[in-house]
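A look at the structure
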Amino acid sequence: MIQKKIILFIILLLFNTGFSQQKLKQSINANWKLYKGKTTLVDLEKDKNLNWEEINLPHSWNTQDVMDDQWGYYRGEGWYKKTIFVNPDWKNKSVNLYFEGANQTTEVYINGKKVGSHIGGYTAFSFPVNDYLDFENPEKGNELVIKVDNSFNEDIPPLEADFTFFGGIYRDVYLVAANEVHFDMDNLASDGVFVTTPNVSAENAKFQITGKIENKSNLPKQLKITTTLYDADNLAVANISSDLKIKPNSKIDFKQLSENIQNPKLWSPDQPYLYKAVSVISDKKTKEQLDLFTAPIGFRWFEFSADKGFKLNGKSMKLIGANRHQDYKDLANALPDALAEKDMQLIKDMGGNFVRVSHYPQDPSILEACDRLGLLAMVETPEVNRITETAAFETNSLEMQKEMIRQGYNHPSVIIWAYMNEILLRPRYDQKSEERKTYYRNLAALAQKLEDLTRLEDPSRYTMIPSHGSFDLYNEVGLTKIPMIVGWNLYPGWYGGTFSGLETFLEKHHKVLPDKPLIITEYGADADRRIRSNNPERFDKSMEYAMLYHKHYLNAIQNLDYVAGGAIWNLVEFNSEGRADSWPHMNNKGIVSWDRIPKDAYYFYQARLLKTPVVSIGSKNWVNRSGTLSSEDDSVYYENLEVFSNEPEVTLKINGQSLGSQIVKEGSAIFKVPYKNGQNLVEAFSTKNENVKDFALINFTLYGPDLKSKKLPFESIRISLGDKREYTDELTHQNWLPEQPYQKGSWGYVGGQVYKLPGNPSIPYGTNKLIKGTENEAIYQTQRVGIEGFNFDVPDGKYEVTLYFAEFLSGNTREALVYNLIEKTEKEEKAFRTFDVLINDEIFLENFGNNNYLEPEKAINIKTTVYVKDGKGVRVDFRKKTGQTILNGIELKKIY
C-alpha cells in the first residue's frame with residue numbers, strides 16, 4: 001500500500017506541473033508481466049498457476065529461439081499485464097494509450113473490458129481510454145492486459161521474407177493526457193498536425209501547417225492558434241496567428257501558411273539545419289494555453305530525373321547509404337532508442353547520406369535521428385515477396401501505408417514512400433497458368449491503389465517499388481510504370497553471374513525506361529567475419545570477396561549519372577531464422593556485425609565517402625592468423641594488407657620498421673607485410689599528416705615448412721577439409737587453415753575430392769546446410785569425400801588428435817533458398833557409409849558410419865591421444881567398407 005501511495009504521489013506531481021500547457025506523455029515500460037501461450041482473458045484471470053515472467057519493455061519473446069539448432073521459432077500469443085495508476089483529475093482530460101509498435105496483432109483490455117485492437121507489427125497505434133479507466137479509486141490502479149500475436153496470417157503483410165518476424169511489445173508504450181481542447185489525437189497515432197514546405201528556394205521559403213483541433217468539452221470555444229517558427233538559436237523568425245470557433249464535442253480543420261522567410265538556411269546532409277515550428281492553442285477569452293505541438297522543419301527541395309539522378313537544393317547529389325533492419329544480438333527487435341540512433345550515426349560516420357528504412361517503418365527515433373544528422377530517408381511498408389488476393393489483405397496494406405505516411409510525415413529527412421519489396425519473387429500458382437496471370441493483374445491493381453493513396457496522402461514526396469532483378473517480369477506486369485521511381489535490388493556477382501552484369505542490367509533499364517528514375521535499393525555479398533581467403537570467389541562468404549563486390553558496385557553507382565544512388569544491403573547483419581549458411585539464421589551481408597563491429601567494407605566506404613581525413617587498417621579485427629613459411633631460412637611470413645584512406649598517400653610500419661609509402665587509389669593501398677611469429681604491431685598513417693593514423697595488434701602463428709623444425713617448434717594445428725579459406729573460432733581464438741595435399745616433411749590429405757553441393761552451382765564447395773551441435777558451422781560445412789589418409793610429419797612425442805565429421809546426406813528434400821534464383825529444390829540421396837579409421841596402424845574407429853555416430857546434419861568430433869616414436873609422425877588412414885569415407889576437419893595438438 002505504501003508503495004502504491006508513493007507511485008500515485010509521483011504521478012500527481014508530474015501531471016500537476018505545467019500540465020495545462022500541453023499534452024503529457026509518460027512511458028509505462030517498467031514492471032510488466034508476460035505469459036507466453038494460447039489462452040483467453042477469462043482463463044487468464046481464473047488460472048492462478050500460470051507461469052508469469054517479469055519483464056520490462058521493449059520486449060520480444062524471440063531473443064533466443066531464433067538462434068537455436070531447431071528450425072522455426074515461437075509464433076503465437078503472448079499476454080502482457082501491468083497495473084497503471086492515473087490521476088483522478090484526468091477524468092476531465094483526454095487520455096490515450098499509445099504504442100510505438102507491437103508485432104503483429106494486438107488486443108488491449110483495461111479492467112476486463114476490450115479497448116480496441118490493431119493489425120500490423122511495424123506502425124504505431126493509439127486508443128482513447130477514458131471510458132475504461134477507474135478514476136474513483138486511484139490507489140487501486142487499473143489492470144491493463146495486452147494480447148500480442150505474431151502468428152502467420154494470410155491477410156497480414158509480411159507473409160514471408162528474408163528476416164524474422166519477432167513477437168512482442170518491442171517498442172515503447174505511453175500514456176498521453178491532454179486538455180479537453182487539443183490537437184487531434186485520433187489520427188492513426190500521428191501528430192494530428194502536418195507540416196509542409198510548399199515553396200522553397202535559396203532566397204525564400206514558406207511553411208504550412210494543417211490539421212484538426214478537437215473540443216471534447218460540452219461548451220463551444222473561441223480559440224487562437226499561434227504558430228511560431230524558431231531557428232536553431234531559438235530566435236523567432238516567423239509567426240502566424242488565426243482565430244476559430246469550435247462547437248462542443250466536435251473537430252474542426254485548420255490551415256496556416258507563413259509569409260516568405262528571407263534567405264532561409266537550407267537543410268542538407270552536409271548542413272542539416274533544423275528550424276522548429278511551435279503551434280499553440282489558446283482560449284481567446286482567458287488566454288489559457290490549452291495544447292502545444294512542435295515539429296522540426298528543414299527547408300529543402302529535391303527532384304529525381306531519369307538522366308541526372310538526384311538533386312537536392314538544386315545541386316546534384318549521389319545518394320549513397322545503407323538499408324537497416326532493426327534487430328540486435330540477444331535483443332531481437334526490442335532495442336532501446338540509443339541503439340537505433342547509433343545505427344543512424346554509423347551511416348553518417350561512414351560518410352553516407354541515405355538510409356532505406358527496410359522493409360517496414362521502424363522506431364520513431366530512427367527518423368528523428370535522420371533529421372538531426374542529415375540522412376535522406378526512404379520508408380516502406382512490409383508487403384514482401386507475394387500478396388494474398390483477399391479484401392482483408394488489401395485493406396490491411398492500404399491502412400499500413402496510410403499509417404506510415406501520417407506517422408512519418410513531419411520529418412524533413414523523408415523523400416520517398418515505398419511499398420511491395422520484391423513482390424514478384426514468390427508468385428502464386430503455376431508459372432503459365434491462367435491463375436498466375438490473374439494473380440499478376442490483381443497484384444498490379446493493389447500496387448496502383450497503394451500508389452494512388454500515397455500520392456493523395458503526400459504529394460510532396462516520391463514513390464517507389466523496390467524490385468528484384470527480373471527486369472522483364474516487372475515490366476510486363478506493369479510495376480515499373482506505376483511508381484515515380486523504380487528501385488532495383490541487384491546481386492550480379494553474388495547469387496549468380498559476374499560483376500559486369502550490374503552495368504548490363506542498369507543500361508537495359510535506362511534504354512527501355514528512359515523516363516523512369518532508378519535507385520539501386522539493395523546490393524551486397526555475405527561476409528562472415530570469421531572467414532578469410534587469399535583466393536576469394538563468389539559465394540565463399542569471405543570478407544575478401546565482399547570487398548571485391550563492394551568496390552565494383554560503388555564505382556558503378558558513382559560513375560553512372562542516371563543512377564540516383566545505391567543502398568548497401570545491409571548496414572548490419574540481421575536475423576533470418578530460415579537461413580543456414582556459414583552462420584545459421586543470419587544474413588551476414590551487413591558491413592557491420594550483428595553486435596555492431598565494423599567490417600572491412602565499412603572502412604572502405606569511409607575512405608571513399610568521408611570528407612574528413614581518415615586512415616583505417618583493413619582486417620584489423622582479424623587478430624589471430626596463421627601461415628606457413630616457404631623455407632627454413634625464413635623468419636617472417638608475407639601477407640598483403642589493405643589500408644583504407646582518403647588521403648593521397650599512406651605510410652605503414654610493422655613492429656617499428658617502415659615499409660614505405662603507397663599512393664592511395666580508389667580508397668585503398670596494399671602493402672606486402674612481413675609478419676613474425678607472435679604479436680605484431682601494425683601502424684598506418686597519412687604520409688602528409690601523421691596524426692591521421694590507425695594501428696592494429698595481430699598475433700601470427702607460423703609453421704615451418706618442416707613440422708620437425710626446431711626454429712618453430714610444433715604446438716598445434718587445425719585444418720578444414722574441402723576448404724580453401726581460413727577460419728577463426730571466435731570463442732577459442734584458434735585459427736583453421738585450408739586443406740593442402742600431403743608433402744613429405746609437412747602435413748596434408750591423401751586422396752579424395754572436395755564435396756560440392758548438387759543443384760547449387762553458386763556454392764563453390766561444401767554445403768549451406770544447418771549443422772546442429774556446433775557454433776563453428778563453417779568447419780563442418782566443408783568436406784573431403786573418399787579421403788584415404790591424412791599425415792603429419794611431426795617429431796616424436798605425445799599428441800592429441802581430433803577428427804571432425806558431419807553427414808550431409810539425409811535423404812530429405814532440400815529446399816532452395818528463395819533469394820538464390822539459380823538454386824533448385826532437390827530430393828537428395830540418403831547416405832549409407834561405413835569405414836574404419838586407423839591412427840598409426842591402430843584401429844581408432846571401427847565400422848564408423850550412419851548406423852552409429854554419424855547422424856545426418858549433426859556435428860561430431862572424436863579425439864584420442866597417440867604417442868609418436870621412431871620418427872613416424874601421425875598417420876590417419878581411412879578404409880572404406882560401404883559408401884565413401886569423409887572427413888570435415890582435423891586437429892593435432894602436442895601434449896609433450
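What to know about the overall build of the chain
Within the chain, the regular secondary structure consists of eleven helices and 57 strands. The globule rule puts the C-alpha radius of gyration for 896 residues at 29 Å, and the 31 Å found for the chain is close to it. Projected onto its principal axes, the C-alpha coordinates of the chain cover approximately 105 × 70 × 65 Å. Going through the 896 residues of the chain one by one, you find that 59% of them count as buried. Total accessible area on the chain is roughly 36,300 Å²; 48% of this is exposed by carbon and sulfur atoms. Of the side chains in the chain, 107 bear a positive and 119 a negative charge, and the two mean positions are spaced by 2 Å.

Regarding the pairing of strand β10 (residues 173-178)
When you tally the buried positions in β10, you get six out of six residues, the bulk of the element. The side-chain alternation of β10 yields two buried faces, one formed by Val-173, Leu-175 and Ala-177 and the other by Tyr-174, Val-176 and Ala-178. Direction of pairing for strand β1 (residues 24-27) relative to β10: antiparallel, over a ladder of four bridges. Directly across from Leu-24, in β10, lies its bridge partner Ala-177.

Structural notes on the nonpolar core
Counting residues in each nonpolar core, the largest one holds 151 residues, and the members touching the most others are Met-420, Leu-479, Phe-790, Phe-792, Phe-805 and Val-874. Residue contributions to this core peak at nine residues, all from helix α9 (residues 543-559). The residues contacting Phe-790, other than those within four sequence positions of it, are Ile-719, Leu-721, Trp-747, Gly-748, Tyr-749, Val-874, Arg-875, Val-876, Phe-878 and Ile-890. In terms of nonpolar packing, the next biggest core, distinct from the first, is built from 29 residues, Leu-57, Val-129, Val-148 and Ala-177 among them.

A short note on the pattern of salt bridges
Per the stated rule, a full pass over the model turns up 47 salt bridges. Glu-154 serves as the salt-bridge partner of Arg-428, at 2.9 Å between the closest nitrogen and oxygen. With Arg-428 in the loop between β26 (414-418) and α6 (434-457) and Glu-154 in the loop between β9 (142-149) and β10, this pair connects stretches of sequence that are 274 residues apart. Among the salt bridges present, the one from Asp-581 reaches Arg-579, with a minimum N-O distance of 3.1 Å.

A few points about the packing of aromatic side chains
One pass over the full model with this rule turns up 50 aromatic pairs. When the centroid spacing of 6.1 Å and the interplanar angle of 55 degrees are considered together, the rings of Tyr-35 and Trp-52 count as tilted. Here Trp-52 lies in the loop between α2 (41-46) and β3 (53-55) and Tyr-35 lies in strand β2 (residues 32-36), a separation of 17 residues in the sequence. Residue classification places Tyr-35 among the buried residues on the basis of a relative accessible area of 16%.

A look at the environment of Ser-201
The residue Ser-201 is located in the loop between β12 (193-200) and β13 (204-215) in this model. Residues Ser-201 and Pro-738, spaced 537 residues apart in sequence, show a C-alpha to C-alpha distance of 60 Å. Those residues in contact with Ser-201 that lie beyond four places of it in its chain are Pro-264, Leu-266 and Trp-301. Among the polar contacts made by the side chain of Ser-201, one reaches the main-chain amide nitrogen of Glu-203 at a distance of 3.2 Å.

With respect to the confidence of the model for the chain
When the pLDDT values of the chain are averaged, the result is 94; 96% of them are 70 or greater. In this model residues 1-20 is a low-confidence stretch, pLDDT under 50, and it forms 33 contacts with partners more than four residues away in sequence or in other chains.

Topic: the side chain of Lys-516
Inspection of the secondary structure puts Lys-516 in the loop between α8 (501-512) and β29 (518-522). As a buried residue without a salt bridge, Lys-516 has its nearest oppositely charged side chain in Glu-451, at a separation of 7.4 Å. Side-chain polar atoms of Lys-516 contact the backbone oxygen of Thr-480, separated by 3.3 Å. Ignoring sequence-local partners within four residues, the contact set of Lys-516 consists of Ala-306, Thr-480, Lys-481, Pro-483, Met-484, Ile-485, Val-486 and His-509.

Here's the deal with the sheet that holds β26
Spatial strand order, β23-β24-β25-β26-β27-β28-β29-β31: eight strands in a closed barrel with parallel pairing. Between one strand axis and the next, the sheet turns through 25 degrees on average, direction left out of account. Two elements, strand β23 (residues 319-324) and strand β31 (residues 563-568), share four bridges in a ladder whose sense is parallel. What sits directly across from Ile-320, in β31, is Gly-566. Each of β23, β29 and β31 is contacted by α9, which is oriented at about 155 degrees to β31, the strand it contacts most.

Calculation criteria
Residues numbered from 1 in each chain as written. Predicted model: local features only at pLDDT ≥ 70, side-chain atom pairs only at ≥ 80, totals over all residues. Heavy atoms only, no water. Helix = DSSP H or I, 4+ residues; strand = E, 2+ residues; numbered from the N terminus. Rg over C-alpha atoms; globule rule 2.2 N^0.38 Å. Buried < 20%, exposed > 50% of the residue type's maximum accessible area, 1.4 Å probe, protein only. Areas by Shrake-Rupley, 256 points an atom, 1.4 Å probe, with all protein chains shown as cover. Lys, Arg positive; Asp, Glu negative; His and termini not counted. Charge placed at Lys NZ, Arg CZ, Asp CG, Glu CD. Pairing = 2+ DSSP bridges. Core = buried A, V, L, I, M, F, W, Y, C linked by side-chain atoms within 4.5 Å. Contact = heavy atoms within 4.5 Å. Salt bridge = Lys/Arg side-chain N within 4 Å of Asp/Glu carboxyl O. Phe/Tyr/Trp six-rings, centres within 6.5 Å; stacked < 30°, edge-to-face > 60°. Polar contact = N/O pair within 3.5 Å; in protein donor to acceptor, adjacent residues only side chain to side chain. pLDDT = per-residue confidence, 0-100. Axes fitted to C-alpha atoms, helices over the stretch in contact; angles between N-to-C directions.

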